[in-house]
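In case you want the letters, here they are:
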Amino acid sequence: MQIRPDEITGIIKAQIENYETKVTLSEVGEVIQVGDGIARVFGLDNVMSMELVEFPGNVMGVALNLEKDNVGVVLMGDDKGIKEGDMVKRTGKILSVPVGKEMIGRVVNPLGIPMDGKGPINASRVRPVEVIAPGVVDRAPVNEPMQTGIKAIDAMIPIGRGQRELIIGDRQTGKTTIAIDAIINQKNSGVICIYVAIGQKQSTVAKVVDTLTQYGAMDYTIVVSAGASEPAPVLYMAPYAGCAMGEEFMWEGKHVLIVYDDLSKHAAAYRQMSLLLRRPPGREAYPGDVFYLHSRLLERASKLSEKLGHGSITALPIIETQAGDISAYIPTNVISITDGQIFLENNLFSAGVRPAINVGLSVSRVGGNAQIKAMKQVAGKLKLDMGQYRELAAFAQFGTELDKSSEAQLALGRRMEEILKQGKNSPLPVEDQLVIIYAGINRFLDDVALEDVQEFEKGLIKYVNDKHKDVIEDLKKEKKFSDAINKKLDKAIAEYRATFKK
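So, on to the overall build of the protein. Broken down by element type, the protein carries 15 helices and 16 strands. Within the protein, the proportion of its 502 residues that are buried is 53%. Considering only contacts in the protein between residues 6 or more positions apart, those separated by 24 or more positions represent 73%. With an accessible surface of roughly 23,700 Å², the protein has 52% of that area assigned to carbon and sulfur atoms. Between the averaged position of the 61 positive side-chain charges in the protein and that of its 64 negative side-chain charges there is a distance of 4 Å.

Written out as structure tokens, the structure reads:
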């Protein structure tokens, strides 16, 4: 092999001519301690709170504790490959998530990385996970209904767009079912839904996604999942990430429904992080700012003013209680932040009342403002009848003999209780709800046997929709009961009663 000096010279000359010096300046620190998903880093003097920092092996962390001589960083991944002396690099970016319509229909983790095996998400925008909630001037009153399709809620504990309504109860009382039914009911309403699963088993999340897909709800839903096996920082970040995804749509003038399932696990993850960061513990070992943890999240649910596009985020946070104790630390915190609560009771659930809503302890602080006029017209009487029924039922337990009017009131209450029962994943349009509640409060069911009430209800709704479609159309258009609608509805119910087996 012959060496040709001129060729070697030419190559060297070309390399000298094309030689570029690229200087990259980055602020770096050094890991001084690592363990339990927390790293203490020395040298990042200018790092910002909530800034992303990069560890070896592409593990990302979030700077949370900015102390005098070191920075407490929570790791968003496994800490096994990180050791003392490792170099940590600032990214200059605040923790953000991808947002936009590309996220709809996908299952993602709190960093926006897809978990459904459907390929990458090409989102064009990102939003910081922590932002300041809209101020008083930027908000509009909550006066537009957010229909859940659940009779007991839409009639007695109404939810409005921009409201924060807490769903609270023991485990296995149907809290998630109510939230999922509310999401299914938003079909064809233009509302975008976000379901945030915090600390749930992956099998549970898969079941939820399967249900939403089955009812066509994944077409307008984003599922953000932080599984039970994920590190505490990922669980901590999940609801804020979901909220940031919702805010993108809200500022575009759209309506969003977001479910946080559940904030008890979120508070526990934050407690774990705080204790490992050596923040001083308070009541039940929660840090002093655990109220701020949830208030700054739930305050972001709002209805924007007309000037800002009238978009809204409606939040349904879920809290799990122990043995029905709503006076525990986290439940009372969240109750005081929200605009009402739907309380689910174990005893009612066991007695076959589904949804197991305790109407006495449940409340909506927005009230009738979040109802259409027709629902207001029937809901007032329904609430009164149910209130009297509960008092009489408690009195009748002592075996006291009751007069005829009290007996009639008890019979009516029992039938109304049957009417308010509803199967899983079967939300009803508001017009169908109005038909059956109207029939109940106007005593059309008095001679229907208790065990036949639900069959009567299904048959009546089908009969009115098939044979008296004009009544449903009038209710949709006018949104109130007029004398003309009442006459038509009375006639339709009387016709159906004649065909129904006594």
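Scanning the model with the defined rule gives 8 aromatic pairs in all. Judged by centre distance (5.1 Å) and plane angle (85°), the rings of Phe456 and Phe500 are edge-to-face. Placement of the pair is Phe456 in helix α13 (residues 453–467) and Phe500 in the segment after α15 (483–499), with a sequence separation of 44 residues. We note that Phe456, like Phe500, is buried.

Before going further, it helps to spend a moment on the pattern of salt bridges. Enumeration according to the criterion identifies 25 salt bridges in this entry. A salt bridge links Asp466 to Lys462, with the nearest nitrogen and oxygen atoms 3.0 Å apart. Highlighted residues: Asp466 and Lys462, both in helix α13, separated by 4 residues, approximately one helical turn. Within the structure, one salt-bridge network assembled from shared partners comprises Arg139, Arg164, Glu299 and Asp339.

Here we come to the environment of Arg283. Looking at the element boundaries, Arg283 is found in the loop between α6 (263–276) and α7 (290–298). The exposure class assigned to Arg283 is partly exposed, which follows from its relative accessible area of 47%. Residues Arg283 and Gly352, spaced 69 residues apart in sequence, show a C-alpha to C-alpha distance of 37 Å. Those residues within four positions of Arg283 in sequence are excluded, and the remaining contacts are Ser327, Ala328 and Tyr329.

Turning our eyes to something else, we now look at the pairing of strand β1 (residues 28–35). Looking at chain direction, β1 and strand β6 (residues 87–94) are connected through 3 bridges and run antiparallel. From the neighbouring strand, Val28 faces β6, where its bridge partner is Lys89. Alignment of β1 against strand β2 (residues 38–42), held across 5 bridges, turns out to be antiparallel. Bridge pairing in β2 links Val34 to Ala39.

For the rest of this paragraph, the subject is the nonpolar core. Counting residues in each nonpolar core, the largest one holds 77 residues, and the members touching the most others are Ile183, Leu212, Ile342, Leu382, Leu460 and Phe481. The element that contributes the greatest number of residues to this core is helix α12 (residues 430–441), accounting for 8 residues. Excluding residues that lie within four positions of it along the chain, Leu460 makes contacts with Val435, Ile436, Ala439, Ile493 and Tyr496. One finds Ile38, Leu64, Val74 and Tyr329 within the second-largest nonpolar core, a separate group that totals 61 residues.

Bringing the packing of helix α11 (residues 404–420) against α12 into the picture now. Running from amino to carboxyl end, α11 crosses α12 at an angle of 170°, the nearest separation of the two axes being 10 Å. When the axes of α11 and α12 are compared, the pair comes out roughly antiparallel. The segment α11 lies against α12, with Leu412, Met416 and Ile419 engaging Ile436, Ile437, Gly440 and Ile441. For the contact of α11 with α12, the per-class residue count stands at 6 nonpolar, 1 polar and no charged.

Turning next to the sheet that holds strand β10 (residues 166–169). The 8 strands lie next to each other as β8-β12-β11-β13-β14-β10-β15-β16, forming an open sheet whose pairing is mixed. Only two strands of the sheet have a single partner each, and these edge strands are β8 (107–108) and β16 (363–364). Here β10 runs beside strand β15 (residues 340–344); their pairing, made up of 4 bridges, is parallel. Bridge pairing in β15 links Ile168 to Phe343. Lying on the sheet, helix α3 (residues 175–184) is in contact with β10, β11 (192–200), β12 (221–227), β13 (255–261), β14 (312–320) and β15; it crosses β14 at an angle near 165°.

With respect to topology, 6 strands assemble into a closed barrel ordered β1-β2-β5-β4-β3-β6, the strand pairing being antiparallel. When strand polarity is set aside, the average angle formed by the axes of neighbouring strands in this sheet is 45°. As paired strands, β2 and strand β5 (residues 71–75) are joined by 4 bridges and run antiparallel to one another. Paired with Arg40 across the bridge in β5 is Gly72.

This brings us to unusual backbone geometry. A cis amide bond links Asp261 with the next residue in sequence, Asp262, at an omega value of -5°. As for its placement among the helices and strands, Asp262 is situated in the loop between β13 and α6. That bond from Arg354 to Pro355 is cis: its omega, -5°, falls within 30 degrees of zero. One non-glycine residue with positive phi stands out, namely Asn58, at about 60°. Examined against the element boundaries, Asn58 turns out to sit in the loop between β3 (51–55) and β4 (59–66). With phi around 65°, Arg278 is a residue other than glycine that occupies positive phi space. In this fold, Arg278 is placed in the loop between α6 and α7.

The residue Asp154 is located in helix α2 (residues 151–156) in this model. A distance of 3.0 Å separates a polar atom in the side chain of Asp154 from the backbone nitrogen of Gly149. With sequence-adjacent residues up to four places away left out, Asp154 is seen in contact with Met146, Gln147, Thr148, Gly149, Gln371, Met375 and Gln433.

A word on the pairing of β15. Across the 5 residues of β15, 5 count as buried, placing the element largely inside the fold. Here β15 shows a buried face lined by Gly340, Ile342 and Leu344 and a second buried face lined by Gln341 and Phe343. Two strands pair when backbone bridges link them, and β15 and β16 are joined in this way by 2 bridges, in the antiparallel orientation. Within the sheet, the bridge partner assigned to Gln341 lies in β16 and is Val363.

Right, let's talk about the packing of helix α10 (residues 373–396) against α12 for a bit. Interhelical geometry of α10 versus α12 gives an angle of 45° and a closest axis separation of 10 Å. Compared by their axis directions, α10 and α12 come out oblique. The crossing of α10 and α12 is left-handed. Taking contact as the criterion, the partners of Ala374, Met375, Val378, Lys381, Leu382 and Asp385 in α10 are, on α12, Val430, Gln433, Leu434, Ile437, Tyr438 and Ile441. A breakdown of the residues in the contact of α10 with α12 according to their chemical character gives 9 nonpolar, 1 polar and 2 charged.

How each quantity is defined
- Residues numbered from 1 in each chain as written.
- Predicted model: local features only at pLDDT ≥ 70, side-chain atom pairs only at ≥ 80, totals over all residues.
- Heavy atoms only, no water.
- Helix = DSSP H or I, 4+ residues; strand = E, 2+ residues; numbered from the N terminus.
- Buried < 20%, exposed > 50% of the residue type's maximum accessible area, 1.4 Å probe, protein only.
- Contact = heavy atoms within 4.5 Å.
- Areas by Shrake-Rupley, 256 points an atom, 1.4 Å probe, with all protein chains shown as cover.
- Lys, Arg positive; Asp, Glu negative; His and termini not counted.
- Charge placed at Lys NZ, Arg CZ, Asp CG, Glu CD.
- Phe/Tyr/Trp six-rings, centres within 6.5 Å; stacked < 30°, edge-to-face > 60°.
- Salt bridge = Lys/Arg side-chain N within 4 Å of Asp/Glu carboxyl O.
- Pairing = 2+ DSSP bridges.
- Core = buried A, V, L, I, M, F, W, Y, C linked by side-chain atoms within 4.5 Å.
- Axes fitted to C-alpha atoms, helices over the stretch in contact; angles between N-to-C directions.
- Parallel < 35°, antiparallel > 145°, perpendicular 65-115°, else oblique.
- Nonpolar A, V, L, I, M, F, W, Y, C, P; charged D, E, K, R; others polar.
- Polar contact = N/O pair within 3.5 Å; in protein donor to acceptor, adjacent residues only side chain to side chain.
- Left-handed = near helix turned anticlockwise from the far one by under 90°.

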